[in-house]
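An overview of the molecular structure
Okay, here's what each chain looks like letter by letter:
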Amino acid sequence: MSKEKRLNREDILRIVSELDFFGGEDCWLTSGASLVLFGVKDSTRDVDVICTRALADRLEARGVPFRRDGLDNTRIFAFNSLVEVLEDWDTQEIVEEAGLRTASLLSVRAQKAALGREKDLADMALIDAFLERKEAGK
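Here we summarise the structure given alongside this text. Please read all numbers here as calculations on a predicted model, not as lab measurements.

**Details of the nonpolar core**
Ranked by internal contacts, the top residues of the largest apolar core, which has 23 residues, are Ile12, Phe21, Phe22, Leu29, Val47, Val49 and Val85. Elements with a contribution of two residues or more to this core: helix H1 (9-17), strand E1 (27-30), helix H2 (31-38), strand E2 (47-51), helix H3 (53-61) and strand E5 (83-87). Leaving out residues up to four positions away in the same chain, isoleucine 12 has contacts with Leu7, Leu29, Ala33, Val36, Leu37, Thr44 and Val47. Ranked by size, the runner-up nonpolar core spans ten residues in total, among them Trp28, Val40, Ile50 and Ala103.

So this is what it looks like as structure tokens:
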């Protein structure tokens, strides 16, 4: 049985540094990658990036493969086996962490609440516990 490699903070920083489209105002990290950068989790399966419609148009023009979301018909790009780029996901606040633009913890929590999957509920509990510890000064 092979164990799936998990991505830690250093892996995420390296992967993002290799993305030729990352770095402007039109994309930011979210989900597990954000949680790892903030220190909520030690690792994640992949790197999720949210992008604007304009960047999605440029990725499509470059021939990056994508599928359409079944709910709102936005594009979801499979940039490579570790990076998924999501068009126009609602993000309440974008902040900087480790020199990278990322959805804030509260934005990631809201996104996960909207998805409501078991793994998202588990991540919400981790975010809540992390914020409680931070507020308590621990």
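**Examining the packing of aromatic side chains**
Evaluated as defined, the whole model comprises two aromatic pairs. Look at phenylalanine 21 and phenylalanine 79: their rings are 4.8 Å apart centre to centre, the planes differ by 70°, and that puts the pair in the edge-to-face class. Taken together, the residues phenylalanine 21 in the loop between H1 and E1 and phenylalanine 79 in the loop between strand E4 (75-78) and E5 connect sequence positions 58 residues apart. Residue classification places phenylalanine 79 among the partly exposed residues on the basis of a relative accessible area of 21%. Both rings, one in phenylalanine 66 and one in phenylalanine 77, keep their centres 5.3 Å apart while their planes meet at 50°; by these two values the pair is tilted. Taken together, the residues span a long stretch of sequence, with phenylalanine 66 in strand E3 (residues 66-68) and phenylalanine 77 in strand E4 at a distance of eleven residues.

**Looking at the packing of H1 against H2**
Relative orientation of the contacting elements H1 and H2 amounts to 120°, with a least axis distance of 9 Å. The pairing of H1 with H2 is recorded here as oblique in orientation. Viewed along their axes, H1 and H2 form a crossing whose handedness is left-handed. On H2, the residues that touch Arg9, Ile12 and Leu13 of H1 are Ala33, Val36 and Leu37. Of the residues that constitute the contact of H1 with H2, the class distribution is five nonpolar, no polar and one charged.

**Observations regarding the packing of H2 against helix H4 (residues 105-115)**
For any two helices packed against each other, one specifies the crossing angle of their axes together with the interaxial distance. Between H2 and H4, the least distance of the axes is 10 Å, while the angle of their chain directions is 145°. Considering the relative orientation of H2 and H4, their crossing is left-handed. Judged by residue contacts, Ser31, Ser34, Leu35 and Phe38 of H2 engage Leu105, Val108 and Lys112 from H4.

**Quick word on the pattern of salt bridges**
Overall, the coordinates contain 18 salt bridges when judged by the stated rule. With a shortest N-O distance of 3.2 Å, aspartate 123 and lysine 41 are connected by a salt bridge. One end of the pair, aspartate 123, is in helix H5 (residues 118-136); the other, lysine 41, is in the loop between H2 and E2, with 82 residues separating them in the sequence. Lysine 41 shares its class with aspartate 123; the two are buried. A salt bridge links glutamate 87 to arginine 75, with the nearest nitrogen and oxygen atoms 2.9 Å apart.

**A closer look at the environment of isoleucine 76**
Position of isoleucine 76 among the secondary structure elements: in strand E4. Sequence spacing of isoleucine 76 and leucine 86 is ten residues, and the spatial spacing of their C-alpha atoms is 4.7 Å.

**A look at the pairing of E5**
Counting buried residues in E5 gives four out of five residues, a clear majority hidden from the surface. Of the pairings in the sheet, the one linking E2 to E5 comprises five bridges and is parallel in character. Its bridge partner being in E5, valine 47 is matched across the sheet by valine 83. Relative to E5, E4 runs antiparallel, the two sharing three bridges. Directly across from phenylalanine 77, in E5, lies its bridge partner valine 85.

Definitions and limits used
- Residues numbered from 1 in each chain as written.
- Predicted model: local features only at pLDDT ≥ 70, side-chain atom pairs only at ≥ 80, totals over all residues.
- Heavy atoms only, no water.
- Core = buried A, V, L, I, M, F, W, Y, C linked by side-chain atoms within 4.5 Å.
- Buried < 20%, exposed > 50% of the residue type's maximum accessible area, 1.4 Å probe, protein only.
- Helix = DSSP H or I, 4+ residues; strand = E, 2+ residues; numbered from the N terminus.
- Contact = heavy atoms within 4.5 Å.
- Phe/Tyr/Trp six-rings, centres within 6.5 Å; stacked < 30°, edge-to-face > 60°.
- Axes fitted to C-alpha atoms, helices over the stretch in contact; angles between N-to-C directions.
- Parallel < 35°, antiparallel > 145°, perpendicular 65-115°, else oblique.
- Left-handed = near helix turned anticlockwise from the far one by under 90°.
- Nonpolar A, V, L, I, M, F, W, Y, C, P; charged D, E, K, R; others polar.
- Salt bridge = Lys/Arg side-chain N within 4 Å of Asp/Glu carboxyl O.
- Pairing = 2+ DSSP bridges.

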